[in-house]
Amino acid sequence: MSTRTLGMSEEVWRYLLDVTVQEAPLLARLREETQKLADSGMQISPEQGRFMAFLVELLGVRRYLEVGVFTGYSSLSVALSLPADGRIVACDMSDEWTSVARRYWAEAGVAERIELKLGPGVESLGGLVAGGAKGSFDLAFFDADKESSLEYFERGLELVRQGGVLAFDNALWGGKVANPAETADSTLNLRALNAKACSDPRVSASLVPIGDGLLLVRKR
């Protein structure tokens, strides 16, 4: 997947970065380090990171949940915009990738605000529910295995407060969701997620064409 908004020209993307994103030097350094990895395409775009930081301010987020940390660009973007009492629960499978995230969290002075849970995302969310965290998060971001998208949707609704927001990355999946010939499990599950979010009476939803598509779901 691309690390900039799908279909955006280089010229427009550079304008967006220079004028509106104003990427912090530490975030830029993390992005540049991540681009050297074989799986660099899993990193969100800088304009999406800025948009998520804006959501933090807009929603008054104090408790943020993330499933799929990778090297930490999204969590760091959010952490830098949280109020002093803000806290993050970050879930990922990889100790190797999150070791990069932990290094940047420490450099930014936000490591003490972030609780990292290593293990399968669905299991980590189940543990949070069982531990009494229902309705305690303001914003939850999912950028992990797409095959579990519908499970993340249901667990996410349990864990965010009324008026809280779920955000699902890769909702456009490089355009595959719009191609009927694409039938991989990941694509089918993302299609089902998009359809569910836009028809479920418990929520209101909007698919924002930033990055690879960001599905925003507000709990009613």
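Residues numbered from 1 in each chain as written. Predicted model: local features only at pLDDT ≥ 70, side-chain atom pairs only at ≥ 80, totals over all residues. Heavy atoms only, no water.

## A closer look at helix H5 (residues 95-108)
Note the following rule: Secondary structure elements are taken from DSSP: a helix is a run of H or I of four residues or more, a strand is a run of E of two residues or more, and numbering for both begins at the N terminus. To estimate the expected span of a helix, count its residues, drop one, and scale the result by 1.5 Å. We call two residues in contact when some of their heavy atoms are within 4.5 Å.
When the terminal C-alpha atoms of H5 are compared, their 19 Å separation across 14 residues agrees well with the 20 Å that a helix rising 1.5 Å per residue should span. Of the surrounding elements, those touching the buried residues of H5 are helix H2 (25-34), helix H4 (73-79), strand S2 (87-92) and strand S3 (114-118).

## Quick word on the pairing of strand S4 (residues 137-142)
Note the following rule: Only protein chains enter the area calculation, which uses a 1.4 Å probe; residues under 20% of their type maximum are buried, those over 50% are exposed, and those in between are partly exposed. By the convention used here, strands pair only if DSSP detects at least 2 bridges between them.
By the criterion of burial, S4 is predominantly enclosed, with six of the six residues buried. Relative to S4, strand S1 (residues 63-67) runs parallel, the two being bridged by four bridges. By the bridge assignment for S4, Leu65 is matched with Ala140. Examined bridge by bridge, S4 and strand S5 (residues 160-168) share five bridges and lie parallel to one another. From the neighbouring strand, Leu139 faces S5, where its bridge partner is Val165.

## As for the side chain of Asp169
Spelled out, the test is: His residues and chain termini do not enter the charge count, which takes Lys and Arg as positive and Asp and Glu as negative. The term salt bridge refers to a side-chain nitrogen of Lys or Arg lying within 4 Å of a carboxyl oxygen of Asp or Glu.
Residue position: Asp169 is located in the loop between S5 and helix H8 (185-197). Of the buried charged residues, Asp169 lacks a salt bridge, with Lys146 as the closest side chain of opposite charge at 5.3 Å.

## Observations concerning the packing of H2 against H5
As a reminder, the rule being used: To get an axis, a line is fitted to the C-alpha atoms, and for a helix only the part in contact is used. The angle between two axes follows their N-to-C directions and goes from 0 to 180 degrees. Throughout this description, any angle smaller than 35 degrees is read as roughly parallel, any larger than 145 degrees as roughly antiparallel, any in the 65 to 115 degree range as roughly perpendicular, and the remainder as oblique. Here a crossing is called left-handed whenever its near helix is offset anticlockwise from the far helix by less than a right angle, and right-handed whenever the offset is clockwise. Charged residues are taken to be Asp, Glu, Lys and Arg, nonpolar residues to be Ala, Val, Leu, Ile, Met, Phe, Trp, Tyr, Cys and Pro, and polar residues to be all remaining types, Gly included.
Where H2 meets H5, the closest approach of the two axes is 11 Å, and the angle between their N-to-C directions is 165°. If you check the angle between H2 and H5, you find them roughly antiparallel. The chirality of how H2 crosses H5 is right-handed. Across the interface between the two elements, Leu26, Arg29, Leu30 and Glu33 of H2 pack against Val100, Arg103, Tyr104, Glu107 and Ala108 of H5. By residue class, the composition of the contact of H2 with H5 is five nonpolar, no polar and four charged.

## A word on the packing of aromatic side chains
To keep things clear, this is the line we draw: A pair of aromatic rings is counted whenever rings of Phe, Tyr or Trp (Trp by its six-membered ring) have centres within 6.5 Å, and the orientation is called stacked for planes under 30 degrees apart, edge-to-face for over 60 and tilted otherwise. Sitting over a ring, as applied to charges here, requires NZ of Lys or CZ of Arg to be within 6 Å of the ring centre and within 35 degrees of the ring normal.
Taken as a whole and judged by the stated rule, the model has four aromatic pairs. On the basis of an interplanar angle of 20° and a centroid distance of 5.5 Å, the ring pair of Phe142 and Tyr152 is categorised as stacked. In this pair, Phe142 sits in strand S4 while Tyr152 sits in helix H7 (residues 149-159), placing the two residues 10 residues apart along the sequence. Take Phe142 and Tyr152: they sit in the same class, and that class is buried. The structure contains a cluster of three or more aromatic residues connected by ring pairs, namely Phe142, Tyr152, Phe153 and Phe168. Between the NZ or CZ atom of Arg63 and the centre of the ring of Phe137, over which it lies, the distance is 4.2 Å.

## Some words on a negative patch on the surface
Here is the rule: Each patch is built from residues lacking any salt bridge and having more than 30% relative accessible area; the joining distance is 9 Å for like charges and 5 Å for nonpolar side chains (Val, Leu, Ile, Met, Phe, Trp, Tyr). Using a 1.4 Å probe, accessible areas were evaluated by the Shrake-Rupley method; residue-level cover was limited to the displayed protein chains. Charge coordinates come from a single atom per side chain, which is NZ of Lys, CZ of Arg, CG of Asp or CD of Glu.
Negative charge collects at one region of the surface, where Asp145, Glu147, Glu151 and Asp185 lie side by side. Mapping Glu151 onto the fold places it in helix H7.

## Here we look at helix H1 (residues 10-21)
Applied cut-off: Note that the arc is defined by the directions from the helix axis to the C-beta atoms.
Of the residues making up H1, those classed as buried are Trp13, Leu17 and Val21. Relative to the axis of H1, the buried residues are bounded by an arc of 45° and lie together on one face. The exposed residues of H1 that point more than 90 degrees off its buried face are Glu11, Tyr15 and Asp18. As for H1, its buried residues are in contact with H2 and helix H3 (46-59).

## Some points on the pattern of salt bridges
When their charged atoms lie close together, side chains carrying opposite charge are able to pair. Taken as a whole and judged by the stated rule, the model has 14 salt bridges. For the salt bridge of Arg102 with Asp95, the shortest nitrogen-to-oxygen distance reads 3.1 Å. What makes Arg102 partly exposed here is its relative accessible area of 30%. For Lys117, the salt bridge is made with Glu115, and the minimal N-O distance between the two is 3.1 Å. On the basis of relative accessibility, which here comes to 25%, the residue Lys117 falls in the partly exposed class. Through salt bridges that share partners, Glu154, Lys196, Asp200 and Arg202 make up one connected network.

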